[in-house]
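Residue-level structural notes
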Amino acid sequence: MSVRGAKNLVPKAMVAAILGSEPSVLRNVPAIRDVDVVRGLLSLHGVEVTSGPDAGNQDGELVLDPRNVESAHVADIGMHAGSSRIPILFCGPLLHRLGEAFIPDLGGCRIGDRPINYHLDVLRSFGAVVDKLDSGIHIHTSGRLQGTKVKLPYPSVGATEQVLLTAVCAEGVTELSGAAIEPEIMDLIAILQKMGAIISVDTDRVIRIDGVERLGGYVHRALSDRIETASWASAALATNGEIYVRGATQPEMMTFLNVFRRIGGEFEIDENGIKFSHPGYDLNSLVLETDVHPGFMTDWQQPLVVALTQAGGLSIIHETVYENRFGFTDALRDMGAVIQVYRECLGGTPCRFGQSNFNHSAVVSGPTKLQGGSIVVPDLRGGFSHLIAALAADGESKVEGIELINRGYENFMGKLGALGADVTLV
Ligand code: EPU
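Residues numbered from 1 in each chain as written. Predicted model: local features only at pLDDT ≥ 70, side-chain atom pairs only at ≥ 80, totals over all residues.

By the naming in an unreviewed UniProt entry, the protein goes by UDP-N-acetylglucosamine 1-carboxyvinyltransferase and is assigned to Spelaeicoccus albus. Listed under Function (unreviewed entry) in UniProt, the entry text for the protein is "Cell wall formation. Adds enolpyruvyl to UDP-N-acetylglucosamine." (UniProt positions renumbered as here; feature names shortened; annotations may be inferred.)

Structural data, given as structure tokens:
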């Protein structure tokens, strides 16, 4: 099966195109709902988005022409309320192009409070004025935004992207410390550099941006989706099988591959992808903590937990990025998994959730045979992990709310079918 461009890069690369004075070309774009949402929002703002010319658009090519950017009607933008968290990243580019932006209430997965305080603080520090309205947020500026010094309290992916997309055209130098350095952020920096931006990534999470007056377009192939790759890798372990993921790349997967190998999983890397296999004997349990890059990604956690239900002994998982990301384990327990969640920081270093009331550690005891069940998808990654559990389980499972999974997994029904799963849409 094939994995294409990263869900957590592609929509942001689409937003970056607004900053250009010429059209941009983005390749390896997956057909997922988050891309459709951003495409719709860009169109509302006068950005012409067309799919590439080749037959069936095999290369997943999008051409984004921002030459006629304009303000959108608030009522039209409001139609997109609750559909994604990406709209908040329109602020910087729209402020540069139009002097104002309106952002609807955000969506995204319900895996914690997911505030936007860092984003708003960042925008204010560039000189933008932020007005909170009932329907969303109106942001404006009377002149060119000014380069600034920003120190993030936590290396937030979105807030780092907010700084990048705003600083590239601001007047003067911006210095960001406490930045996130995820591979998707590095790919966004590569795109901005192609457009004419000057960005240096220094040691210790410091990023320096020299603002420029004008950016051009870019031609770029999005880096591959490391979350989807890890999801299929975990499926191979959970189902005692073997899955070749075409398009998977090693550098972004290194941290995951180490953990995969520690559990007992086997993999082979070639120039086109990675083959993941169950070793044919019992898997090992392990102690794991999620973290910002280069740590073990929070989004790899849920699919892996399903695989760990098949490992012998006690595994401990400490979630340190989101306070509330173990809700999906309820359905796994109903299917026969033995998983307990705890408020304490288990298994490692205390995290910022240690003093609060959130169930952010889990102990998985295995191996346990899973039984088919009736599941309602809670969020994107949790939902995919339920699909994996359904594949690994004895008997039939009914999964409701799969449209949430379309947000981030391209053609997952087709891919499940190709793996030999008997899947029917009812
Ligand atoms: N945070 C704040 N205030 C803010 C922003 C973030 O307190 O203004 C907190 C969050 O509540 C969270 C932590 O900071 O506890 C990290 O959040 P971050 O900003 O890094 O996350 P994000 O940018 O909203 C992106 C991905 C997530 C992924 C995280 C971490 C996108 C669209 N989403 O979210 O992906 O889990 O980074 O890597 O890029 C997913 O793909 O299913 C998904 C949830």
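Bringing the overall build of the protein into the picture now. Each helix and strand counted, the protein has 13 helices and 21 strands in total. Its C-alpha atoms give the protein a radius of gyration of 22 Å, within 12% of the compact-globule value 22 Å for 426 residues. Its C-alpha atoms give the protein principal-axis dimensions of roughly 65 × 55 × 40 Å. Here the protein holds 426 residues, and the buried ones make up 49% of them. Relative to all contacts within the protein whose residues are 6 or more apart in sequence, the contacts with residues 24 or more apart total 71%. (Helix = DSSP H or I, 4+ residues; strand = E, 2+ residues; numbered from the N terminus. Rg over C-alpha atoms; globule rule 2.2 N^0.38 Å. Buried ≥ 20, exposed ≤ 12 C-beta atoms within 10 Å, placed from the backbone. Contact = placed C-beta atoms within 7 Å.)

Ordered in space as S7-S8-S10-S9, the 4 strands form an open sheet in which the pairing is mixed. Unpaired on one side and paired on the other, strand S7 (149-151) and strand S9 (198-201) mark the two borders of the sheet. Each adjacent strand pair in this sheet contributes to an overall mean axis angle of 10°, direction not counted. Strand contacts of helix H6 (residues 157-167): S7, strand S8 (173-177), S9 and strand S10 (206-210), with the helix running at about 175° to S8, the strand carrying the most contacts. (Pairing = 2+ DSSP bridges. Axes fitted to C-alpha atoms, helices over the stretch in contact; angles between N-to-C directions.)

A few words now on the environment of Val423. Along the chain, Val423 falls in the segment after helix H13 (412-418). Residues Val423 and Ser365, spaced 58 residues apart in sequence, show a C-alpha to C-alpha distance of 28 Å. Apart from the residues lying within four places of it in its own chain, the contact partners of Val423 are Met413, Leu416 and Gly417.

This next bit is on the site of the ligand. Of all residues adjacent to the ligand, which total 27 residues, the nearest are Asn8, Tyr118, Ser156, Val157 and Gly158. Listing elements by their share of the shell around the ligand, those giving two or more residues are helix H5 (117-125), H6, helix H10 (298-308) and helix H12 (380-392). Both domains that meet at the shell around the ligand, namely domain 1 (10-221) and domain 2 (226-418), each give it at least three residues. (Near = placed C-beta within 6 Å. Domains from an automatic or database assignment.)

A word on the sheet that holds strand S4 (residues 100-104). Reading across from one edge, S4-S6-S5 is the order of the 3 strands in this open sheet, with antiparallel pairing throughout. Here the strands that pair on one side only, and so sit at the sheet edges, are S4 and strand S5 (129-132). Pairwise comparison of adjacent strand axes, ignoring direction, gives a mean angle of 15° for this sheet. Two strands pair when backbone bridges link them, and S4 and strand S6 (residues 136-140) are joined in this way by 5 bridges, in the antiparallel orientation. By the bridge assignment, Ala101 is partnered in S6 with Ile139.

Moving on: the pairing of S9. One ladder, built from 4 bridges, connects S9 with S10; its direction is antiparallel. Each bridged residue has a counterpart across the sheet, and for Ser200 the counterpart in S10 is Arg208.

Mapped onto the elements of the fold, Gln310 is located in the loop between H10 and strand S17 (311-318). In the structure, Gln310 is positioned 28 residues away from Asp282 in sequence and 7.8 Å away in space, judged by C-alpha atoms. Apart from the residues within four sequence positions on either side, Gln310 is in contact with Leu237, Ala238, Leu283, Gly366, Pro367 and Ala392.

Taking 1.5 Å per residue as the helical rise, helix H7 (residues 183-195) with its 13 residues ought to reach 18 Å, and the 19 Å between its terminal C-alpha atoms agrees with that figure. Of all the residues in H7, the buried ones are Pro183, Glu184, Ile185, Asp187, Leu188, Ile189, Ile191, Leu192 and Met195. Where the residues of H7 are buried, they touch helix H1 (10-16), H6, S9, strand S11 (219-221), helix H8 (226-238) and helix H9 (250-263). Looking one or two places after H7, you find Gly196, whose phi comes out positive at around 120°. (Expected span 1.5 Å × (residues − 1).)

Interhelical geometry of H5 versus H6 gives an angle of 20° and a closest axis separation of 9 Å. Judged on the interaxial angle alone, H6 and H5 are roughly parallel. When the axes of H5 and H6 are compared, the crossing they make is right-handed. Contact residues: Tyr118, His119, Val122 and Leu123 in H5; Gly158, Ala159, Gln162, Val163 and Thr166 in H6. In terms of residue class, the contact of H5 with H6 is made up of 5 nonpolar, 4 polar and no charged. (Parallel < 35°, antiparallel > 145°, perpendicular 65-115°, else oblique. Left-handed = near helix turned anticlockwise from the far one by under 90°. Nonpolar A, V, L, I, M, F, W, Y, C, P; charged D, E, K, R; others polar.)

Time to look at the domain arrangement of the protein. Annotation of the protein at the domain level lists domain 1 (10-221) and domain 2 (226-418). On a C-alpha basis, the centroid separation for the pair domain 1 and domain 2 is 30 Å. With 14 residues of domain 1 at the interface, the matching set in domain 2 holds 16 residues.

Now for the nonpolar core. A general feature of soluble globular proteins is that nonpolar side chains tend to end up buried together. Cys91 and Val168 are the most contacted members of the largest nonpolar core, which totals 124 residues. Here this core gathers at least three residues from each of two domains, domain 1 (10-221) and domain 2 (226-418). In this structure, Val168 is in contact with Leu19, Leu192, Ala197, Ile209, Gly211, Val212 and Leu215, ignoring residues within four places of it in sequence. (Core = buried A, V, L, I, M, F, W, Y, C linked by C-beta atoms within 7 Å.)

Counting buried positions along H10 gives 10 out of 11 residues, so the element sits mostly inside the fold. Three or more residues of H10 are buried, namely Asp299, Trp300, Gln301, Gln302, Pro303, Leu304, Val305, Val306, Ala307 and Leu308.

Taken N-terminus to C-terminus, the directions of H8 and H10 make an angle of 5°; their axes are 8 Å apart at the nearest point. On the basis of the axis angle, H8 is roughly parallel to H10. Across the interface between the two elements, Ile227, Ala230, Ser231, Ser234, Ala235, Leu237 and Ala238 of H8 pack against Asp299, Trp300, Pro303, Leu304, Val306 and Ala307 of H10. Partitioning the contact of H8 with H10 into residue classes produces 10 nonpolar, 2 polar and 1 charged.

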